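Results of the structural survey
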Amino acid sequence: MVMVFYGSNGKSNPVSMENKVEHQIENQITYDIHLPSDLGTLYKVRLGLQSLENNIFQLSLRHFKIQNTSTLDTFSLTINKTLPLSPNGDRWIEFPIQWPLKEAFSVVTYHLTVFSRNILNERNLVHMTACIYGTHGDTGDRSLLQSLQNVQQEEKNESFLVIMEAVDLGELEKIVLLISSKTDCRLDIKKLHVQEAAKEHPIYVFEVNEAFSLNANKPKIQREIPRSFVIREKKQKNDIDNNLNKEGNQVKNLTEYTIKVYTGDKRGAGTDANVHIILFGNEDKSEVFQLSQSLEHQNPFERGKVDTFKIRTKKLGSLRSIEIGHNGKGFASGWFLEKVEITDAARNAMQCFNCNRSVVQSIITLYMLFSF
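Residues numbered from 1 in each chain as written. Predicted model: local features only at pLDDT ≥ 70, side-chain atom pairs only at ≥ 80, totals over all residues. Heavy atoms only, no water.

**Structural notes on the pairing of strand S25 (residues 349-359)**
Sheet topology places strand S24 (residues 335-344) next to S25; nine bridges connect them, and they run antiparallel. When the sheet's bridge partners are listed, Trp335 is paired in S25 with Val359. Linking S24 to S25, which pair antiparallel, is a turn of four residues; within it Asn348 sits at a positive phi near 50 degrees. (Pairing = 2+ DSSP bridges. Helix = DSSP H or I, 4+ residues; strand = E, 2+ residues; numbered from the N terminus.)

Put into structure tokens, the structure is as follows:
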């Protein structure tokens, strides 16, 4: 069993329930937990089973109590739940912390609907989780294929509903998908809808429109899906339905670019700063993309490493230059960039942008070196 504590300034790493206090009372276990001092005021706890195996025992939880040993502020809650919540169901529960003179968030049941083309046929061999992020925190990684509801399957399209409980997330901002498979397969995901179970609106729409090629010998695929738009009223839903064909054409006009970033093999070459990029073609320029989810490494831009990123944007024509830079934040923000290679999937062309210097400015401009 592990816990994650959320504070006004961030969240803790998963805390393993191992450091038990001596002289236990029957049916009661006490733990000493040391949390970072800069976590801020705690506002929620996520508690769950770390194991992903199905043959684990059930854990019955009756009561939870936490006390700040410095201020002696105390919070207690009657839970009366058993993990997993159902056979092959969610292995996590969340609850808000109510401190004296402070208003607590409520627990919300969220409906996440997945629209796809072939996931249901592969679900026994695929493991897929989603972490929903909002202005009030995140849900952590929740399984999408363990306990499906409202399954609809047609010849080409399908959808299924996943129900999860979480402390109110506020305005939803993004979803991070994590996908792996026990065999070679291809999953085609169209979009995700998230809404509160008790409300018809708002509906948060996350467009994916990507086919994921999975291999048992490859690492898990991680994708960060930003919010596309929000349907806030019923009449707005009708407007969205009327524009589906138009949006479909817009999606077809998007081009996928594969970006390979080469960090130099020099002392202090890596960076922990947030890196962004803009692509310029002879027809148009792209929006600003944050290069945060490397396909190879959890921590991108380390010394001597190559990180690959995939983006989708409007057709830019033949690439002429790029702007790349970082925000200068984080420990060791200096960065020695060797080069950037960008492959245009639609044109089957690769452009190389040479740098071979330290990126200390917020933005530098690189021009095409060669292509093939």
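Additional details are given in the paragraphs that follow.
**Observations regarding the packing of aromatic side chains**
Per the stated rule, a full pass over the model turns up five aromatic pairs. Centre to centre, the rings of Tyr43 and Phe105 are 5.6 Å apart; their planes meet at 75 degrees, and the pair counts as edge-to-face. Of this pair, Tyr43 sits in strand S4 (residues 42-48) while Phe105 is found in the loop between strand S7 (92-96) and strand S8 (107-116), placing the two residues 62 residues apart along the sequence. An aromatic cluster is present here, built from Tyr6, Tyr43 and Phe105 joined pairwise through their rings. Sitting over the ring of Trp92, Arg46 keeps its end group 5.0 Å from the ring centre. Sitting above the plane of the Tyr133 ring, Lys174 keeps its charged end 4.7 Å from the centroid. (Phe/Tyr/Trp six-rings, centres within 6.5 Å; stacked < 30°, edge-to-face > 60°. Lys NZ or Arg CZ within 6 Å of the ring centre and 35° of its normal.)

**A short note on the environment of Lys305**
Within the secondary structure, Lys305 is located in the loop between strand S21 (289-290) and strand S22 (306-314). On the basis of relative accessible area, Lys305 is assigned to the partly exposed category, the value being 39%. Between the alpha carbons of Lys305 and Ala269 there is a distance of 9.9 Å; along the sequence they are 36 residues apart. Ignoring anything within four residues of it in the chain, the contact list for Lys305 reads Val261, Tyr262, Thr263 and His297. (Buried < 20%, exposed > 50% of the residue type's maximum accessible area, 1.4 Å probe, protein only. Contact = heavy atoms within 4.5 Å.)

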